[in-house]
Each structure stands twice: as structure tokens, then as C-alpha cells.
Amino acid sequence: MKRIAAALLAALLLLFPFFAGDFYVNLASQILIAAIFALSLNLLVGYGGMTSLGHASYLGVAAYISALLTSRYGFGHGLAAIISIAGTTATAAFFGVIALRATGLGFLMITLALSQVLWGLAYRMSDVTNGDNGIAGLTRPMPFGISLDSPASFYWFALLVASFAFLMIAIFVSSSFGSSLKGVRDQPRRMAALGFNPWMIRWITFIYAGFWGGISGLLYVYYNKYIHPSSLSTTSSAEALLGVIAGGSGTLGGPVVGAALVLLLKNYASAYIERWNMLLGLVFLFIVLFMPTGIIPGLNKLAMGLRRALR
Amino acid sequence: MTRPMSEHALEVIDLKKAFGGLVVTQGVSLSIRPGERRLIIGPNGAGKTTLFNQISGDLRPNAGKIRLFGTDVTRLTPHKRAHFGLSRTYQIITLFTGDTLEHNVTLGLLGLRPSRWQMWRPLSHYGELATDARRTLDAVGLLHLADHPVSDIAYGEKRRVELAMALAQKPRVLLLDEPLAGLSNTERSQVKSLIASIPRQTTVIMIEHDMDTALDLAETVTLLNYGRVIVDGDRDAVIADERTREVYLGA
């Protein structure tokens, strides 16, 4: 039953460009990118108990490094991607050392402050970043000579990367290290007494989350062929956090569903209602009231209740 | 790394700890031999748990030294002390409530193994970890509940999971903080025989209020009051001591 559902889902995802129009294929690509980003944030929020309001930093840093290297310094996409991911991971390592001096609200405030610093730099260092104008006229890479310029080809590329990310993150959370991480989230003192190093476990997770945040940032800049400081903004971090919490933090499917929800609302509702944020707020309120643990855990509970009632 | 030889499993030397003006540990010194069964008693607020927290590294003393098998560990973090062979249980049950009993004990095993850093292999692929965890659960008589989450089991059973997590680590020094607290008479005798069966390679230091049960398990007793060692020595000598009666019966 589960296998059939998974096979159907895989077929649907693979064949999507054959029966959907360009608008929807592009929307799906954006959802895939947002899903990777939300999955990486969920490592911190859901599995690590570290609520970050600055995760857009890693998306933005990766996107900016790639944009600058390819457009201004004439790097090829391959090398630019490697430098960009390495730079983003190093940024996460550095920011992690600062942010992990605190936990809880203190941690949240430090991540927020650090991301604001980057956002400010992107705005003000206009001789490098082009400030408020952003960097335009970027190109998409051509892996193995395949052009990614059509909506369908980019979608498949994004689907490939997102599936790999999902798989890697699924393995990560079910590994010994993932168990250590959840243990440190639930009982840090006990974990230390058992021989685990809570700080190191949190830091490594922070770096790993930054790495995947960087991957989503690369896809983001490839997709848009444009980067603007707003992608580093707190709004961008908060939207992803909202998606993770709405979908169900600490689950694998939750961030994907949440990211899709936020993007669909943004794209659909904004066509009809100017204040789409208000609608997002209402939907979020509804979720918090009726499914306080998020959509995926909420639906699971509902399905379990139904099954029991039918028995 | 060569470890200096020592005839003591644990040495606490002139330990001092104060929270602001409140002095909770005042020059406490203890010497405990390998394999010894030591009971620490004292009225509420005597500083027993605070002493444990300093030995385990959760609290840092203001002055004094703590040595494990001759090595000064006073400045080491709790997780480093665990790798020196120190394990503990908590007075307030500190378990992973959403996880199964097997997973709880597995975490105890994982804490001392390098595989705890492994990120690319599902935990369920480590067959020997599961076998070891189930063996430990069997030893505390909880194997039949191995697949249940901790939130499903009774309080007395949780106490035994606390013990199982520490025992799984095969510690050289084991700190038990009120392992009998809140147990019924039957559970009490179960846990008592469990503690009695701990192998002699493990030095056991226990805080306990239930004297009837605890004294049977102890060879030596330390009486604390107001953060000071009042009497220290062989069990019978401490019980017979005038000062013990004074503390407990008020002269």
C-alpha cells in the first residue's frame, strides 16, 4: 500500500511537466527549492530544538557568491558552485560558533542579528553587491552540456537535487548521529552524562543545515537568474520557519508540505488578494488551532482516528 | 596517555561550592576504593545531590579537587568524565519519554562508542547495539517492554530504565541518586537485588533515604549535614556513632 503510493508519487513528480503548463512547472521548481531550504532549517528547528530566524543567510550567501563569481569574475559554473557551497558551509561554521553560545531565545536572537548583518552588507556594499538593484543577467549552468533553460529541464534538475537532499537528510536523522541530536534536544544534561558532547553535536548539525541551505541557495539563484538583498531578509527566514512549523517540525514530510503551502498561497492568493500575508496568517492560525503539531502529524493523527473508528 | 596509579576509584579533596551566600559544600573530602559500596546519607538540603553534580561535572566547584582513578577531572566537562568510566542516575527521572526503552538504553551504549558520530548509516543497522540493549533490559527485568515508549510504562519501571541506561555503560564508578525514591515495597526489593548484583568492577556510590534497604547494600557510609562531612567510615561504626543519632534524632 505504502509502496504503491510512493511509486505513484514518484511517477507523478517525474511526469509532471508532460501534463502541466509552464506556469505550474515553474511553480513546482520553486516549491522544490523551498522544500530543500525548509528541510535544512528543520534539521535545526525540528530535530535539534534550535529555532533559527536567520536561515536565509545560507541561501543568500550561496546565491551571492555564485552570482558574483560567475557574472563579475568570469568563473565557470562548476567551480563557482564548489566555492559557493564551501563558502556557505564555512559561514555556517563561523556563525554556529557565535550562535551556539546560547540556546532557546538567545540563540534565536543571535541568528536573527547575524542574518541582519549580512542583509545590511548586501544592501550597503553596493560596489560589490550592486545594492538594492540586485545582480541581474545571470545564467543557469549546463551540467554535462544539458541546457536548463526550459522550465521542464530545470524542474527535472531541481527534482533530482531535491530527491537527493531528501534522501540524505532522511538518512541523517535516522543515523546514530541523528539519534544523538534528538537526544540532545530532549535531555541535554543526560546526554552529556552519557558521554555525548552536546555542543559539538549542535555545531555539526548547524554546519550541515547551512550546507543544505547553501544548496537551495544555488538552485534559487539558478532559477531566478537574479539575486536581491531581500532573499537574505528576515521575512525570507521567517517564511521558511512558518512553513516548517505549519507542515510539522521534526518530521520529514512536514517541511516539504509547509514550503509548498507557503509558496502556493504566495503565488495564488497574491493574484486575488493584495495582502496575501494576511491570508497566510489566517491559514497559519487555523493550523495552530486545529493541528498544533503541524499538518503532517495532524493528518497522521486524523488517519489513525479514522482507522480506529472504522474497525 | 599514562594514568597515574591510584588506590582510589574516586577522591574528593576539600571541595567547596557556594551559590551566592549559600554555602552548599564546605570542604568535603572523600576517598572511595575501587569496588567499594558507599552510601551517602543526610537530611534534606545536606548537599548530597549538589556533591553528585560536582562529581559528574554538571556543577563546577569553587575550590577543591576531584580525582577519578588518580586523574584530576575537576575541570573536565561531564561528557569527558563519562569516557573516564563515570556514570550516574538522577533523582528526578531523566529519560527520553517519546522513545522506546530499547532506544533509551541504546543511547547509553552509543554515548561511549565512536559510532555515535556516524551520519550515513541508519541506527537500526547496528544489530549488536540492539542486542546489547536488550540484554541490559533483560538484566533489569524489562525485556518484555523493550518496544514500548517510556511514556507508557509505570514509574517503578522508569526507575529501572534509569539504572539500565547507566549499567549498559559498564561504568567503573556509578553514582546512584536515590534509586529507590517513590517505589513500592515489591519494586524496592527488585531494585535492591538489582543493585546488589552490580559486578565488583563497578564502584557504587549511592544517595538514599531509605535506610533499611540502603544500609544492607552499603559497606561504608558518609553522613553529610549542612554541606559538611559529619561522620565517615564503616557502616556499623557510622550507625553507632553519637553524631549520627544527633543529626537524625536531634540529640
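Residues numbered from 1 in each chain as written. Chains lettered and ligands numbered in written order. Predicted model: local features only at pLDDT ≥ 70, side-chain atom pairs only at ≥ 80, totals over all residues.

Caption draft 1: Structural view of the overall build of chain A. Helix and strand content of chain A: 14 helices and zero strands. Listed N to C, the secondary structure of chain A is α-α-α-α-α-α-α-α-α-α-α-α-α-α in terms of helices and strands. Once the C-alpha set of chain A is aligned to its principal axes, its extents read approximately 60 × 50 × 40 Å. Counting over 311 residues, chain A shows a buried share of 48%. A separation of at least 24 residues holds for 74% of the contacts in chain A among residues at least 6 apart in sequence. (Helix = DSSP H or I, 4+ residues; strand = E, 2+ residues; numbered from the N terminus. Buried ≥ 20, exposed ≤ 12 C-beta atoms within 10 Å, placed from the backbone. Contact = placed C-beta atoms within 7 Å.)

Caption draft 2: Summary view of the overall build of chain B. When helices and strands are tallied, chain B shows nine helices and ten strands. For 251 residues, the compact-globule estimate of 2.2 N^0.38 gives 18 Å, and chain B sits close to it at 19 Å. If one aligns the C-alpha atoms of chain B with their principal axes, the spans along those axes are about 60 × 45 × 35 Å. Counting only residues that meet the buried cut, chain B has 42% of its 251 residues in that class. Look at the contacts in chain B between residues 6 or more apart in sequence, and 67% of them connect residues 24 or more apart. (Rg over C-alpha atoms; globule rule 2.2 N^0.38 Å.)

Caption draft 3: The arrangement of the interface of chain A and chain B in detail. Contacts between chain A and chain B engage 19 residues on the former and 23 residues on the latter. At the level of secondary structure, the elements contributing two or more residues to the side of chain A that touches chain B comprise helix 7 (151-174), helix 8 (176-186) and helix 9 (188-193) of chain A. In terms of residue count, the dominant contributor to the side of chain A that touches chain B is helix 8 of chain A (six residues). When the residues that make up the side of chain A that touches chain B are grouped by side-chain class, the tally is seven nonpolar, nine polar and three charged. (Nonpolar A, V, L, I, M, F, W, Y, C, P; charged D, E, K, R; others polar.)

Caption draft 4: Just the nonpolar core, in detail. Membership of the largest hydrophobic core comes to 151 residues, with the highest contact counts inside it found for A:A35, A:I36, A:A38 and B:A164. Among the elements that line this core, the one with the most residues is helix 2 (residues 22-47) of chain A, at 17 residues. Each of two domains, domain 1 (1-85 + 171-251) and domain 2 (96-170) of chain B, supplies a minimum of three residues to this core. Filtering out sequence-adjacent residues up to four positions away, A:A35 remains in contact with A:A162, A:P255, A:V256, A:A259 and A:A260. (Core = buried A, V, L, I, M, F, W, Y, C linked by C-beta atoms within 7 Å. Domains from an automatic or database assignment.)

Caption draft 5: The arrangement of the environment of B:G233 in detail. Residues and elements named next belong to chain B. Structurally, the position occupied by G233 is in strand 10 (residues 228-234). The exposure class assigned to G233 is exposed, which follows from the 12 C-beta atoms found within 10 Å. C-alpha separation for the pair G233 and L110, spaced 123 residues apart in sequence, amounts to 37 Å. Those residues within four positions of G233 in sequence are excluded, and the remaining contacts are T220 and V238.

Caption draft 6: Representation of the sheet that holds strand 8 (residues 203-207) of chain B. Residue and element names in this part refer to chain B. Read from one edge to the other, the open sheet built from six strands follows the order 6-7-8-3-9-10, with strand pairing classed as mixed. Of all strands in the sheet, those bounded by a partner on one side alone are strand 6 (86-88) and strand 10. The sheet shows a mean angle of 15 degrees between the axes of neighbouring strands, taken without regard to direction. Note that strand 6 and strand 7 (residues 173-177) share three bridges and pair parallel. Opposite L86, over in strand 7, you have V173 as the bridge partner. Packed on one face of the sheet, helix 1 (residues 48-56) meets strand 3 (37-41), strand 6, strand 7, strand 8 and strand 9 (220-225) and runs near 150 degrees to strand 7. (Pairing = 2+ DSSP bridges. Axes fitted to C-alpha atoms, helices over the stretch in contact; angles between N-to-C directions.)

Caption draft 7: Quick look at the sheet that holds strand 4 (residues 63-68) of chain B. All names here are of chain B. Judged by pairing direction, the sheet is antiparallel, and its four strands sit side by side in the order 2-1-4-5 without closing on themselves. Of all the strands in the sheet, the pair left with one neighbour each is strand 2 (22-32) and strand 5 (71-72). Here two bridges tie strand 4 to strand 5, and the two strands are oriented antiparallel to one another. Each residue of the ladder has a partner; that of R67, found in strand 5, is D72. Helix 1 contacts strand 1 (10-19), strand 2 and strand 4 of the sheet and is inclined by roughly 65 degrees relative to strand 2.

Caption draft 8: Expanded view of the pairing of strand 9 of chain B. Residue and element names in this part refer to chain B. Burial analysis of strand 9 places five of its six residues in the buried class, the great majority of the element. Relative to strand 9, strand 3 is paired through four bridges, and the arrangement is parallel. Note that in strand 9 the partner of L39 across the bridge is V221. Bridge count for strand 9 against strand 10 is six bridges, and the pairing is antiparallel. Within strand 10, the residue paired with N225 across the bridge is R228. Connecting the antiparallel pair strand 9 and strand 10 is a turn made up of two residues, with Y226 showing a positive phi of about 45 degrees.

Caption draft 9: Main features of unusual backbone geometry. Residues and elements named next belong to chain B. The phi torsion at F69 lies on the positive side, around 50 degrees, for a residue other than glycine. Tracing the chain through its elements places F69 in the loop between strand 4 and strand 5. Residue F69 is classed as buried on the basis of its C-beta count, with 21 C-beta atoms lying within 10 Å. Located in the positive-phi region is Y226, a residue other than glycine, with phi close to 45 degrees. Looking at where Y226 falls in the secondary structure, it is placed in the loop between strand 9 and strand 10.

Caption draft 10: Inspection of helix 1 of chain B at higher detail. All names here are of chain B. Buried residues dominate helix 1, accounting for nine of its nine residues. Here helix 1 has its buried residues at K48, T49, T50, L51, F52, N53, Q54, I55 and S56. Once helix 1 ends, the next one or two residues include G57, with phi positive near 100 degrees.

Caption draft 11: Structural view of the domain arrangement of chain B. Residues and elements named next belong to chain B. Domain assignment breaks chain B into domain 1 (1-85 + 171-251) and domain 2 (96-170). Computed from C-alpha atoms alone, the centre-to-centre distance between domain 1 and domain 2 is 26 Å. With twelve residues of domain 1 at the interface, the matching set in domain 2 holds twelve residues. Broken down by element, the side of domain 1 that touches domain 2 gets its largest block of residues, four residues, from helix 6 (residues 185-196).

Caption draft 12: View of the confidence of the model for chain A. For chain A, the average pLDDT comes to 92, and 100% of its residues sit at 70 or higher. For chain A, per-element mean pLDDT is lowest for helix 13 (residues 276-290) of chain A, which scores 84, and highest for helix 10 (residues 198-224) of chain A, which scores 97. (pLDDT = per-residue confidence, 0-100.)

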